[in-house]
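Structural description and commentary
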Amino acid sequence: QVQLVESGGGLVQAGGSLRVSCVASGRTFSRYAVGWFRQAPGKEREFVAGISRRGGNTDYADSVKGRFTISRDNAKNTVYLQMNSLKPEDTANYYCAATDYSGSNFREREYEYWGQGTQVTVSS
């Protein structure tokens, strides 16, 4: 079992930055690829970014490419999502998810473990 806890969400003005974190407990974290997803009210959950087990491969949704950066520190069992140049349309609940997976198709992968989410609100 892997438990995931997100933190770092909050309220920020458009154009600002925020870093959200996902801390994992349980089994060896380096076995798991991790994805960040988000869901806004009335919308479906969407993929935001993904990172491979050791951080060598990443992928981003087109809507965040060039603004968001995903990274991980396996020694700290933590994955980060640095969000810059935030826009009101980035407002959502952000979730991290983990999967025991050695590939790089983070968008289509079914994730075994999910966190509870952290709310990010961007004001205009």
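Presented here is a report on the structure given in the accompanying data block.

Basis of the calculations
- Residues numbered from 1 in each chain as written.
- Predicted model: local features only at pLDDT ≥ 70, side-chain atom pairs only at ≥ 80, totals over all residues.
- Heavy atoms only, no water.
- Helix = DSSP H or I, 4+ residues; strand = E, 2+ residues; numbered from the N terminus.
- Buried < 20%, exposed > 50% of the residue type's maximum accessible area, 1.4 Å probe, protein only.
- Phe/Tyr/Trp six-rings, centres within 6.5 Å; stacked < 30°, edge-to-face > 60°.
- Lys NZ or Arg CZ within 6 Å of the ring centre and 35° of its normal.
- Pairing = 2+ DSSP bridges.
- Axes fitted to C-alpha atoms, helices over the stretch in contact; angles between N-to-C directions.
- Disulfide = S-S within 2.5 Å.

1. Considering unusual backbone geometry
Positive phi, close to 55°, is recorded for N77, a residue that is not glycine. Take N77: it is sitting in the loop between strand 7 (68-73) and strand 8 (78-83). Residue classification places N77 among the partly exposed residues on the basis of a relative accessible area of 23%. Its identity is not glycine, yet S85 carries a phi of approximately 50°, on the positive side. By the element assignment, S85 lies in the loop between strand 8 and strand 9 (92-100). The exposure class of S85 is partly exposed, given its relative accessible area of 42%.

2. Structural notes on the packing of aromatic side chains
By the definition in use, this model includes five aromatic pairs. Aromatic pair F37 and F47: ring centres 5.7 Å apart, planes at 75°, arrangement edge-to-face. Here F37 is found in strand 4 (residues 32-39), whereas its partner F47 is found in strand 5 (residues 46-51), with 10 residues between them in sequence. Accessibility expressed as a relative area gives 7% for F37, which makes it buried. For the pair F37 and W114, a centre-to-centre distance of 5.0 Å together with 50° between the ring planes defines the contact as tilted. Taken as a pair, F37 in strand 4 and W114 in strand 10 (residues 113-114) lie far apart in primary sequence, 77 residues in all. Judged by its relative accessible area of 29%, W114 falls in the partly exposed class. Each residue in the set F37, F47, Y111 and W114 is aromatic and connected to the rest through ring pairs, giving one cluster. The side chain of R45 reaches across the aromatic face of F37, ending 5.9 Å from its centre.

3. Some thoughts on the pairing of strand 11 (residues 118-123)
Burial along strand 11 is one-sided: the face carrying T118, V120 and V122 is buried and the face carrying Q119, T121 and S123 is not. The pairing of strand 2 (residues 10-13) with strand 11 spans four bridges and is parallel. Paired with L11 across the strands is T121, a residue of strand 11. Summarising the sheet, strand 9 and strand 11 pair through three bridges and their orientation is antiparallel. The residue of strand 11 that forms the bridge with Y94 is T118.

4. Brief notes about the sheet that holds strand 7
Sheet strands pair via backbone hydrogen bonds, and the direction of the pair is either parallel or antiparallel. Across the sheet, four strands lie side by side as 1-3-8-7; this open sheet has antiparallel pairing. For this open sheet the edge positions go to strand 1 (2-7) and strand 7, each flanked by a neighbour on one side alone. Sheet twist, expressed as the mean angle between neighbouring strand axes with direction ignored, is 15°.

5. A closer look at the state of the cysteines
Each disulfide consists of one covalent bond between the sulfur atoms belonging to two cysteines. This model, assessed by the stated rule, comprises one disulfide. Between the sulfur of C22 and that of C96 lies a disulfide, 2.0 Å long from S to S. Between C22 and C96, the disulfide has an S-S torsion of 65° and is therefore right-handed. Of this pair, C22 sits in strand 3 (residues 18-26) while C96 sits in strand 9, placing them 74 residues apart in sequence. In terms of burial, C22 and C96 fall into one category: buried.

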